[in-house]
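Examination of the molecular architecture
Single-letter residue listing:
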Amino acid sequence: MKPSSVSTPDAQLDLRGTPCPINFVRTKLCLEKMQPGALLEVWLDPGEPIEQVPDSLIMAGYQVEQIQDCASYFSLLVRRPVTDQ
């Protein structure tokens, strides 16, 4: 696998229209149900959601691998760590 390539997400979560902090809570709950090392794609609105959620996930110990601007929303790729803290 090339270092620049990102693997296909194991799950997808559409949180467009979901306010903060509910979108962070839903993302975290979804990640906790996934296998260690699994990759989650989250769709977030511009503004507060994309400004707050990635930082909150990093502080909670998750790896944010990619943030992509998809015009009307943002696609965030988050990996559950193999070993939880």
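Residues numbered from 1 in each chain as written. Predicted model: local features only at pLDDT ≥ 70, side-chain atom pairs only at ≥ 80, totals over all residues. Heavy atoms only, no water.

Ranked by internal contacts, the top residues of the largest apolar core, which has 16 residues, are Leu31, Leu44, Leu57 and Leu76. Counting residues per element, the ones that place at least two in this core are helix H1 (22-33), strand E2 (39-44), helix H2 (48-59) and strand E4 (74-79). Here Leu31 is in contact with Leu40, Leu57, Tyr62, Val78 and Arg80, once residues within four sequence places are set aside. (Core = buried A, V, L, I, M, F, W, Y, C linked by side-chain atoms within 4.5 Å. Buried < 20%, exposed > 50% of the residue type's maximum accessible area, 1.4 Å probe, protein only. Helix = DSSP H or I, 4+ residues; strand = E, 2+ residues; numbered from the N terminus. Contact = heavy atoms within 4.5 Å.)

On to the sheet that holds strand E1 (residues 11-14). Sheets are built from strands paired through backbone hydrogen bonds, the pairs being either parallel or antiparallel. Pairing is mixed across the open sheet formed by four strands, whose spatial order is E1-E2-E4-E3. The strands lining the two open edges of the sheet, one partner per strand, are E1 and strand E3 (63-69). With direction set aside, neighbouring strand axes in the sheet form an average angle of 20°. Summarising the sheet, E3 and E4 pair through six bridges and their orientation is antiparallel. Of the residues in E4, the one forming a bridge with Gln68 is Ser75. Set on the sheet, H1 makes contact with E1, E2 and E4; between it and E2 the angle comes to about 165°. (Pairing = 2+ DSSP bridges. Axes fitted to C-alpha atoms, helices over the stretch in contact; angles between N-to-C directions.)

For the rest of this paragraph, the subject is H1. Given 3.6 residues per helical turn, the α-helix brings residues three or four places apart onto the same face. Relative to the 16 Å expected for 12 residues at 1.5 Å per residue, H1 spans 17 Å between its end C-alpha atoms, a close match to the ideal helical length. What H1 keeps buried is the set Asn23, Phe24, Thr27 and Leu31. Viewed end-on, H1 has its buried residues packed into an arc of 100°, placing them on one side of the element. (Expected span 1.5 Å × (residues − 1). Arc of directions from axis to C-beta.)

Summed over the entire model, instances satisfying the criterion amount to three salt bridges. The salt bridge involving Asp14 is made with Arg16; its shortest N-O contact spans 2.6 Å. A relative accessible area of 36% means that Arg16 is categorised as partly exposed. Arg79 is the salt-bridge partner of Glu65, the closest N and O atoms lying 2.6 Å from each other. Placement of the pair is Glu65 in strand E3 and Arg79 in strand E4, with a sequence separation of 14 residues. The exposure class assigned to Glu65 is partly exposed, which follows from its relative accessible area of 36%. (Salt bridge = Lys/Arg side-chain N within 4 Å of Asp/Glu carboxyl O.)

The next point concerns the pairing of E1. In this sheet, E2 lies alongside E1 in parallel orientation, the contact comprising four bridges. Note that in E2 the partner of Ala11 across the bridge is Leu40. Read from E1 through H1 to E2, the crossover connection turns out right-handed. (Right-handed = clockwise from strand over helix to strand, strands pointing away.)

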